[in-house]
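Residue strings, one per chain:
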Amino acid sequence: DGTLNFTTDGSAIYSSGPLVVNNSAGSTINALKTTLFFIGNNVTFNNYGTMHLANAENAEGYINNYASGSFIVDRSFDNHGAFINVGDYQIPCTTLAGPAGQTTCSFRVGDKGVGKEFINNSCLCVKGNVTFDGPGINNSTMYITGNLTLNKILSGVNGRVVLENGVSTISVSGGYTGTNL
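Residues numbered from 1 in each chain as written. Predicted model: local features only at pLDDT ≥ 70, side-chain atom pairs only at ≥ 80, totals over all residues. Heavy atoms only, no water.

Colleague: How should I be thinking about the pairing of strand β12 (residues 106-109) in this particular structure?
Modeller: Sheet faces and side chains relate simply in a regular strand, where the side chains alternate between the two faces. For strand β9 (residues 70-79) and β12, the ladder comprises 4 bridges, and the chain directions are parallel. Considered in β12, the bridge of S76 is made with S106. With 4 bridges joining them, β12 and strand β15 (residues 129-132) adopt parallel strand pairing. Its bridge partner lying in β15, F107 is registered against V130. (Pairing = 2+ DSSP bridges. Helix = DSSP H or I, 4+ residues; strand = E, 2+ residues; numbered from the N terminus.)

Here it is in structure tokens:
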């Protein structure tokens, strides 16, 4: 239990594995001034507490955001690895000073193949553009204030997407499929 603060100002933080980080309920991991919090190959974050990052990229890692977890990325998050969300996931588009605030507000799902999918089973709120360049599974609600681009399939059961003040674009290889989606 406790708080882990990464205090670097304007530079990137890189993690590579094998590494497992268990952030317990009531604990917090902060990286609020970084241009990039990079999660590399064979790195697993099990989040039961709060992870609050300025900007992040999950290149090849595994993020499990459990029901008690809150995963907040202030500006930009590129997810190419595995991300399973059962808790609270937000990109609030917070105004940040310095280099960390120079990124656009966005969430992007990349396409690294089987075992590296984005799966949403709880609330996801993004103030910014969302792009699925890789497949995603949505079994809950995605609230997007911005544009949605589907270049791959977004599937799920009982999932919904609420798009506000934006445009939904579906390419030839993209689309929605599933039950009650």
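Picking up after the structure, the text goes on.
Colleague: Can you help me understand empty space enclosed by the protein in this one?
Modeller: Scanning all chains against the criterion turns up 1 cavity of 30 Å³ or more. A volume near 30 Å³ is recorded for the largest cavity. Taken together, V109, G110, D111, K112, G113, K116, E117, F118, G134 and P135 form the lining of the largest cavity. Tallied by class, the residues present in the lining of the largest cavity amount to 3 nonpolar, 3 polar and 4 charged. (1 Å grid on protein atoms, 1.4 Å probe; cavity = no way out; pocket = protein on both sides within 12 Å on 5 of 7 lines; lining within 4 Å. Points joined across faces, edges and corners; volume = space filled by probe spheres on them. Nonpolar A, V, L, I, M, F, W, Y, C, P; charged D, E, K, R; others polar.)

Colleague: For this particular structure, what's the right way to read the sheet that holds strand β19 (residues 153-157)?
Modeller: The pairing of strands in a sheet happens through backbone hydrogen bonds and is either parallel or antiparallel. Pairing is parallel in the open sheet, where 8 strands are placed in the order β3-β6-β8-β10-β13-β16-β19-β22. What marks the edges here is a single partner per strand, and that holds for β3 (19-23) and β22 (175-179). Mean inter-strand twist for the sheet, computed between neighbouring axes without regard to direction, equals 10°. Across 5 bridges, β19 lies against β22 in parallel orientation. The residue bridging L154 from the neighbouring strand is Y176, located in β22. (Axes fitted to C-alpha atoms, helices over the stretch in contact; angles between N-to-C directions.)

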